[in-house]
Amino acid sequence: SDEWGELSRFVEQERPYLDPNLSLEKLARRSGIGAKTLSGLINQRHGVHFFDYINRFRVDHAKSLLATTDMPVTEIVFESGFNSKSSFNTAFRKHAGMTPSAFRRDHREK
């Protein structure tokens, strides 16, 4: 089945991860893919849970803002769909292997 392709397209086009209140159920409703199927897809494809999958997109979004804007990190937290600075910092370190400020220092377009 191409539910995976469907999910990937939906996530790329609609960017549901920018919604800080996104849940598995909400993503299922919005994408038209059943919650059980959705959870299974994410686990099989990525070997991760829903929030890890979503946070990877959020961190990528944050990375691009850190590299291309002067937006304060406190704003980037919410612009990227995170609820709190601490969850942002934890997810960022996990997925990027460094702190947001170190990332900005290394990647800021001169």
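Residues numbered from 1 in each chain as written. Predicted model: local features only at pLDDT ≥ 70, side-chain atom pairs only at ≥ 80, totals over all residues. Heavy atoms only, no water.

Caption draft 1: Region of interest: the nonpolar core. Of all hydrophobic cores here, the largest spans 17 residues; its most connected members are Leu7, Leu27, Leu38, Ile42, Phe50, Tyr53 and Ile54. Residue assignment for this core shows that the elements contributing at least two residues are α1 (3-14), α2 (24-31), α3 (35-46) and α4 (50-68). When residues in this core are grouped by element, the largest group, four residues, is from α1. Ignoring anything within four residues of it in the chain, the contact list for phenylalanine 50 reads Leu22, Ser23, Leu24, Leu27 and Ile42. One finds Ala67, Ile76, Val77 and Ala91 within the second-largest nonpolar core, a separate group that totals 12 residues. (Core = buried A, V, L, I, M, F, W, Y, C linked by side-chain atoms within 4.5 Å. Buried < 20%, exposed > 50% of the residue type's maximum accessible area, 1.4 Å probe, protein only. Helix = DSSP H or I, 4+ residues; strand = E, 2+ residues; numbered from the N terminus. Contact = heavy atoms within 4.5 Å.)

Caption draft 2: Broad picture of α3. The first and last C-alpha atoms of α3 sit 16 Å apart over 12 residues, in line with the 16 Å expected at 1.5 Å per residue. Every buried residue belonging to α3 is among Leu38, Leu41 and Ile42, and all of these are buried. Buried residues of α3, viewed axially, fall in a sector of 95°; they line one side. Opposite the buried face of α3, at more than 90 degrees from it, the exposed residues are Lys36 and Gln44. Close packing links the buried residues of α3 with α1, α2 and α4. One or two positions beyond α3, positive phi appears at glycine 47, with a value near 60°. (Expected span 1.5 Å × (residues − 1). Arc of directions from axis to C-beta.)

Nothing here speaks to function; it is geometry throughout.
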